[in-house]
Amino acid sequence: MFDLGQLERAQAIVGTAVPPTPVHAWPLLAERLGADVLVKHENHTPTGAFKVRGGLVYLDRLKREQPDTPGIISATRGNHGQSLAFAARRHGVPATIYVPHGNSVEKNRAMRAFGAELVEHGQDFQAAREEAFRRAESAGLHMVPSFHPDLVLGVATYALELFKAAPDLDLLYVPIGQGSGICGCIRVRDLLGLKTEIVGVQSTEAPSYALSFAAGTVVTTETANTRADGMATRIPDADALAMIRKGASRIVQVTDDEVGAAIRCYWTDTHNLAEGAGAAALAAALQERDGIQGKRVGLVLSGGNIDFDLFRQWVGTDAAIAERAMA
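In what follows, the accompanying structure is described. (Residues numbered from 1 in each chain as written. Predicted model: local features only at pLDDT ≥ 70, side-chain atom pairs only at ≥ 80, totals over all residues. Heavy atoms only, no water.)

On to the pairing of strand S3 (residues 72-75), then. Side-chain alternation along S3 places Ile 72 and Ser 74 on one buried face and Ile 73 and Ala 75 on a second face that is also buried. Across 4 bridges, S3 lies against strand S4 (residues 95-99) in parallel orientation. Following the sheet pairing, Ile 73 is matched in S4 by Thr 96. Between the parallel elements S3 and S4, the chain passes through helix H4 (residues 79-91) in a crossover that is right-handed. Of the pairings in the sheet, the one linking S3 to strand S6 (residues 142-143) comprises 2 bridges and is parallel in character. Paired with Ile 73 across the strands is Met 143, a residue of S6. (Buried < 20%, exposed > 50% of the residue type's maximum accessible area, 1.4 Å probe, protein only. Helix = DSSP H or I, 4+ residues; strand = E, 2+ residues; numbered from the N terminus. Pairing = 2+ DSSP bridges. Right-handed = clockwise from strand over helix to strand, strands pointing away.)

Structure below.
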């Protein structure tokens, strides 16, 4: 997919807008898991999530190879769209982003603030994606997919930062949405010749990659009704699946309740706010706590873009009141 030289050039492109994000060891998380824990804080990027790296690399190549591009278009549940809007504004390219109805209010506001034209269509990501393809064809816009080698190359720069800071990780938990993050981690691990076991994480309510991983072929689902919108994928990308099956040891499925508990853990143990997908890696580590005792474990906190109302209802004050009432 890419070599080390290309990765280092991508890191230079990303570095013009995104400083390296922290890798922190949190003692309370270590106590909770019984392991040596390192968190890669992709919630600290200018868009609050890791995907901004991919957008910067994608737009850099697009502007060099197609300088007269009239505009880009894509579909998202939020972080991919913010990434493209952020990068497109830096390159002076108009961006149109499709989202499903009922999408995150605050992610929608952020995409508009970064300069994107936002269009709501359909009831889930797949419906929005299909409509974006139709609009791209009719309007002559450049369609940016959710999974592409340049997107993987861009987000792989966080894996390079992580593995340079902690080359001795025994295992690394990575959330899976459309697959760019875990594929980047797999490729960088292999380029550096490291032995880290990479574990994917999906929602039990959107398990298309987990089902596909087990079946050895693309398996789609009819719904993706998870509150962790960054993992709400119904149709896996075949290229991403092939790379994940080759390079990951397994995919762990976590419930929305487990993700909510992990969001609370991040807040109480580190005072970092994680969105659903961002907390999924910790949720999986907590689920597998008995098997990781004494190991050196990496967790990708992929983003922190959670709506306040969702946080309050799912894991915050409303949830705490409901839990006390049931106790």
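Still to come is the rest of the account.
To continue, consider the pattern of salt bridges. Within the structure shown, the criterion is met by 18 salt bridges. In this structure, the salt-bridge partner of Asp 168 is Arg 296, at a minimum N-O distance of 2.8 Å. Of this pair, Asp 168 sits in the loop between helix H7 (149-165) and strand S7 (171-175) while Arg 296 sits in strand S10 (residues 296-301), and the two are 128 residues apart along the sequence. The salt bridge partner of Glu 197 is Arg 250, with a shortest N-O separation of 2.3 Å. (Salt bridge = Lys/Arg side-chain N within 4 Å of Asp/Glu carboxyl O.)

What follows covers helix H11 (residues 256-270). Each turn of an α-helix holds 3.6 residues, which means side chains three or four residues apart point in the same direction. Between its first and last C-alpha, H11 extends 21 Å over 15 residues, near the 21 Å set by a 1.5 Å rise per residue. Turning to H11, its buried residues are Asp 256, Val 259, Gly 260, Ala 262, Ile 263, Cys 265, Tyr 266, Asp 269 and Thr 270. (Expected span 1.5 Å × (residues − 1).)

On to the packing of aromatic side chains, then. Evaluated as defined, the whole model comprises 2 aromatic pairs. With a centroid separation of 5.9 Å and 85 degrees between ring planes, the pair formed by Phe 50 and Tyr 158 is classed as edge-to-face. Here Phe 50 is found in the loop between strand S2 (36-41) and helix H3 (52-65), whereas its partner Tyr 158 is found in helix H7, with 108 residues between them in sequence. Pair check on accessibility: Phe 50 and Tyr 158 agree, each one buried. For the pair Phe 86 and Phe 114, a centre-to-centre distance of 5.6 Å together with 90 degrees between the ring planes defines the contact as edge-to-face. Of this pair, Phe 86 sits in helix H4 while Phe 114 is found in the loop between helix H5 (105-113) and strand S5 (117-120), placing the two residues 28 residues apart along the sequence. According to the relative accessible area criterion, Phe 86 is buried, its value standing at 12%. Classification of Phe 114 by relative accessible area gives buried; the value is 18%. One cation-aromatic arrangement involves Arg 187 over Phe 2; the distance from NZ or CZ to the ring centre is 5.8 Å. (Phe/Tyr/Trp six-rings, centres within 6.5 Å; stacked < 30°, edge-to-face > 60°. Lys NZ or Arg CZ within 6 Å of the ring centre and 35° of its normal.)

As a further point, take the packing of H7 against helix H8 (residues 180-191). Orientation of H7 relative to H8, taken along the N-to-C sense of each, is 55 degrees, at an axis distance of 8 Å. Our classification of the angle between H7 and H8 gives oblique. Two packed elements cross with a definite hand, and for H7 against H8 that hand is right-handed. On H8, the residues that touch Val 152, Val 155, Ala 156, Tyr 158, Ala 159, Leu 160 and Phe 163 of H7 are Ser 180, Gly 181, Cys 183, Gly 184, Cys 185, Val 188 and Arg 189. Here the residues of the contact of H7 with H8 sort into 10 nonpolar, 3 polar and 1 charged. (Axes fitted to C-alpha atoms, helices over the stretch in contact; angles between N-to-C directions. Parallel < 35°, antiparallel > 145°, perpendicular 65-115°, else oblique. Left-handed = near helix turned anticlockwise from the far one by under 90°. Contact = heavy atoms within 4.5 Å. Nonpolar A, V, L, I, M, F, W, Y, C, P; charged D, E, K, R; others polar.)

Now for unusual backbone geometry. For His 271, which is not glycine, the phi torsion reads 55 degrees and is therefore positive. Inspection of the secondary structure assignment puts His 271 in the loop between H11 and helix H12 (276-287). Look at His 271 and you get exposed, because its relative accessible area is 60%.

This paragraph deals with the layout of surface pockets. Considering only enclosed or pocket space, the largest pocket measures out at about 230 Å³ in volume. Lining the largest pocket are 16 residues; nearest its centre among them are Arg 77, Ser 104, Arg 227, Asp 229 and Leu 310. Of all the secondary-structure elements, those providing two or more residues to the lining of the largest pocket are H5 and helix H13 (308-314). By volume, the second largest pocket amounts to about 160 Å³. What lines the second largest pocket is a set of 14 residues, and nearest its centre among them are Arg 77, Gln 123, Asp 124, Ala 224 and Asn 225. Its residues placed into classes, the lining of the second largest pocket shows 4 nonpolar, 7 polar and 3 charged. (1 Å grid on protein atoms, 1.4 Å probe; cavity = no way out; pocket = protein on both sides within 12 Å on 5 of 7 lines; lining within 4 Å. Points joined across faces, edges and corners; volume = space filled by probe spheres on them.)

A word on empty space enclosed by the protein. Counting across every chain of the model gives 2 cavities of 30 Å³ or more. In this structure, the largest cavity occupies an estimated 340 Å³ of space. If you go around the largest cavity, you meet 28 residues; those closest to its centre are Lys 51, Gly 177, Gln 178, Asp 229 and Gly 230. Secondary-structure elements contributing two or more residues to the lining of the largest cavity are H4 and H8.

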